[in-house]
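Here are the chains, one letter per residue:
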Amino acid sequence: NAGVTQTPKFQVLKTGQSMTLQCAQDMNHEYMSWYRQDPGMGLRLIHYSVGAGITDQGEVPNGYNVSRSTTEDFPLRLLSAAPSQTSVYFCASGWETQYFGPGTRLLVL
Amino acid sequence: KNQVEQSPQSLIILEGKNCTLQCNYTVSPFSNLRWYKQDTGRGPVSLTIMTFSENTKSNGRYTATLDADTKQSSLHITASQLSDSASYICVVRYNTNAGKSTFGDGTTLTVKP
């Protein structure tokens, strides 16, 4: 039981590049979500999903896309990276108790 | 506007001492309040979850209290250990259907030997 896994752990992008942050869970949770954490700020919700095929926007969705084709996977796509997207990204799984992944540290130059 | 404010921003204590972290919120409607521990470079880990009707909940040396009338919560850590050094985050869920929550900025606790 690996819990929530995220890849990559660290990524450097140039402005305008696109990439996908991977998130997978093996706890059969319906609810999954993506957050970003910036220095001195609380985690902010980007997108969430209440089950396969169902996604919705959080409070900071601009510049990000998500899809949920399976219960296990919830990838986050950066369409055209901008320096403002430099952050630490956390994927979480679960409803009452949220289990967070180890995070992906993204640097956009 | 939904807000969660935590205090102090940072705290340094000696190993073995107790401490209390504060969380004030203006989130509405209230669903539940959670405390997380986040070690440096890692994702948050849940410590406690409290609903409106719960006043206190413990998890080992961690005890959380909730006063729904004054919209305040506290996290008390007893007999601190070096491994308690971390950021402690207060989170209030306000949207029951979508699971949306407001996160506090966290209190950074440093426990020194």
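Residues numbered from 1 in each chain as written. Chains lettered and ligands numbered in written order. Predicted model: local features only at pLDDT ≥ 70, side-chain atom pairs only at ≥ 80, totals over all residues. Heavy atoms only, no water.

Within chain B, the regular secondary structure consists of zero helices and eleven strands. Seen in sequence order, chain B has helices and strands lined up from the N terminus as β-β-β-β-β-β-β-β-β-β-β. Scaling as 2.2 N^0.38, a compact globule of 113 residues should have a C-alpha radius of gyration of about 13 Å, and chain B matches this with 14 Å. C-alpha extents for chain B along the principal axes are approximately 45 × 30 × 20 Å. Sequence-distant contacts in chain B: of pairs separated by 6 or more residues, those separated by 24 or more amount to 55%. Working note: accessible area of chain B is about 5,500 Å², and carbon and sulfur atoms make up 47% of it. Considering chain B, the positive charge centre built from 11 side chains and the negative charge centre built from 8 side chains are found 6 Å apart. (Helix = DSSP H or I, 4+ residues; strand = E, 2+ residues; numbered from the N terminus. Rg over C-alpha atoms; globule rule 2.2 N^0.38 Å. Contact = heavy atoms within 4.5 Å. Areas by Shrake-Rupley, 256 points an atom, 1.4 Å probe, with all protein chains shown as cover. Lys, Arg positive; Asp, Glu negative; His and termini not counted. Charge placed at Lys NZ, Arg CZ, Asp CG, Glu CD.)

Time to look at the state of the cysteines. Residue and element names in this part refer to chain A. For the coordinates displayed, the defined rule picks out two disulfides over all chains. Shown here is the disulfide that connects cysteine 23 with cysteine 91, its sulfur atoms set 1.8 Å apart. Every disulfide takes its handedness from the sign of the S-S torsion; for cysteine 23 and cysteine 91 that torsion is -70°, giving left-handed. Of this pair, cysteine 23 sits in strand S3 (residues 19–25) while cysteine 91 sits in strand S9 (residues 87–93); the two residues are 68 residues apart in sequence, bridging distant segments of the chain. (Disulfide = S-S within 2.5 Å.)

Residues and elements named next belong to chain A. The four strands are arranged S1-S3-S8-S7 in an open sheet whose pairing can be described as antiparallel. Each edge of the open sheet is held by one strand with a lone partner, namely strand S1 (4–7) and strand S7 (64–66). Here the strands of the sheet are splayed against their neighbours by 20° on average, with no regard to which way each runs. In the sheet, S7 pairs with strand S8 (residues 76–78) via three bridges, with the strands oriented antiparallel. (Pairing = 2+ DSSP bridges. Axes fitted to C-alpha atoms, helices over the stretch in contact; angles between N-to-C directions.)

Right, let's talk about the nonpolar core for a bit. If you look at the biggest cluster of nonpolar residues, it comprises 23 residues, and the most contacted ones within it are Val4, Tyr25, Leu33, Trp35, Leu75, Tyr88 and Leu109 of chain B. Of all the elements in the fold, those that place two or more residues in this core are strand S3 (19–25), strand S4 (32–38), strand S5 (45–51), strand S7 (62–67), strand S8 (72–77), strand S9 (86–95) and strand S11 (107–112) of chain B. Discounting residues that sit within four places of it in the chain, leucine 109 of chain B has contacts with Leu11, Ile13, Cys19, Ile77, Asp84, Ser85, Ala86 and Tyr88 of chain B. In terms of nonpolar packing, the next biggest core, distinct from the first, is built from 19 residues, Val4, Met19, Leu106 and Val108 of chain A among them. (Core = buried A, V, L, I, M, F, W, Y, C linked by side-chain atoms within 4.5 Å. Buried < 20%, exposed > 50% of the residue type's maximum accessible area, 1.4 Å probe, protein only.)

What follows concerns unusual backbone geometry. The omega torsion of the bond from threonine 7 of chain A to proline 8 of chain A falls at -5°, within 30 degrees of zero and hence cis. Here proline 8 of chain A is to be found in the loop between S1 and strand S2 (10–13). With an omega of -10°, the peptide bond running from serine 28 of chain B to proline 29 of chain B counts as cis. With respect to the helices and strands, proline 29 of chain B occurs in the loop between S3 and S4. Of note in the backbone geometry, asparagine 28 of chain A takes a positive phi value of approximately 60° without being a glycine. By secondary structure assignment, the location of asparagine 28 of chain A is in the loop between S3 and strand S4 (32–37). In this model, lysine 71 of chain B sits at a positive phi of 60°, which is unusual for a non-glycine residue. Of note, lysine 71 of chain B is situated in the loop between S7 and S8.

Shape descriptors only; they carry no functional weight alone.
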